[in-house]
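What follows is each chain in one-letter form.
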Amino acid sequence: MSSLRRIYLVRGLVALVWSGAFALLHTPLTGLVVALLVIYPLIDVVATLLDVRAGTPGRTLQVFNTVLSGLAAVGLGVAAAAGGVGPVLFVFGLWAIVSGLAQLVVALRRRSPELGRQWPLLIAGTLSVIAGGSYIPVALGDSPSLVALIMYTAAGGTFFVVQAGILAWKSRRAKVSLDR
């Protein structure tokens, strides 16, 4: 499970860096901001493909999530070009809901003690669904803003780093038990 630990750690750290960059640049909706928005779901694509390759439980749903995140990247680019902040937030919200549900199911399938019970990822999936649902009315409102995406991505990154830490702790604990 060291490969899964590495995937979670790198995925989380990249999300945290992305969140910091987005916090600095999120307004106005420039080409660079649109590029960042398109890149975020692509981070998910890469990490999920590596996860699938590692052969961990939940692979079918992971493949679905890869396709979904690829479509989200395209959708975010189209929404930015065609309509601006409101449509971008709407697309991001839809993606957050569906990918959060997928993350919940995968985490439930991985609740073994060896995989750290997956509490951080269960929480992250649940919060993704809730956050995504909250973005839809804001996107349709009079003054939509992308500022909420900063906290969303920072929280998601943090949960992945915490899950990587739990896996590292479990691994060390298992090694100590074997050495005795």
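Before any of the text, the structure's been laid out above.
What this report covers is the structure whose coordinates are included nearby. Fair warning: this is a prediction, and the values are worked out from it, not measured in the lab.

A look at the side chain of Ser69
Inference 1: In this fold, Ser69 is placed in helix H3 (residues 59-82).
Inference 2: Once you skip the residues sitting within four places of it in the chain, Ser69 turns out to touch Pro41, Asp44, Val45 and Trp95.

Let's talk about a nonpolar patch on the surface
Inference 1: Residues Leu9, Val10, Leu13, Val14 and Leu16 make up a contiguous nonpolar surface patch of roughly 360 Å² in combined accessible area.
Inference 2: Overall, Val14 belongs to the partly exposed group, its relative accessible area being 35%.

Here's the deal with the packing of aromatic side chains
Inference 1: Scanning the entire structure with this criterion turns up nine aromatic pairs.
Inference 2: By the ring-pair criterion, three or more aromatic residues cluster together here, those being Trp18, Phe22, Tyr40, Phe92, Trp95, Tyr135 and Tyr152.

Notes on the layout of surface pockets
Inference 1: For the largest pocket, the calculated volume is near 540 Å³.
Inference 2: In terms of lining residues, the largest pocket is bounded by 34 residues, among which Gln103, Ser128, Tyr152, Gly156 and Phe160 are the most central.
Inference 3: Secondary structure elements with two or more residues in the lining of the largest pocket: helix H1 (2-25), helix H2 (31-54), H3, helix H4 (85-109), helix H5 (119-140) and helix H6 (148-179).
Inference 4: With nine residues, H6 is the largest single contributor of residues to the lining of the largest pocket.
Inference 5: Tallied by class, residues from the lining of the largest pocket come to 19 nonpolar, eleven polar and four charged.

Reading the values: the criteria
- Residues numbered from 1 in each chain as written.
- Predicted model: local features only at pLDDT ≥ 70, side-chain atom pairs only at ≥ 80, totals over all residues.
- Heavy atoms only, no water.
- Helix = DSSP H or I, 4+ residues; strand = E, 2+ residues; numbered from the N terminus.
- Contact = heavy atoms within 4.5 Å.
- Patch = residues over 30% accessible without salt bridge, like charges linked within 9 Å, V, L, I, M, F, W, Y side chains within 5 Å.
- Areas by Shrake-Rupley, 256 points an atom, 1.4 Å probe, with all protein chains shown as cover.
- Salt bridge = Lys/Arg side-chain N within 4 Å of Asp/Glu carboxyl O.
- Buried < 20%, exposed > 50% of the residue type's maximum accessible area, 1.4 Å probe, protein only.
- Phe/Tyr/Trp six-rings, centres within 6.5 Å; stacked < 30°, edge-to-face > 60°.
- 1 Å grid on protein atoms, 1.4 Å probe; cavity = no way out; pocket = protein on both sides within 12 Å on 5 of 7 lines; lining within 4 Å.
- Points joined across faces, edges and corners; volume = space filled by probe spheres on them.
- Nonpolar A, V, L, I, M, F, W, Y, C, P; charged D, E, K, R; others polar.

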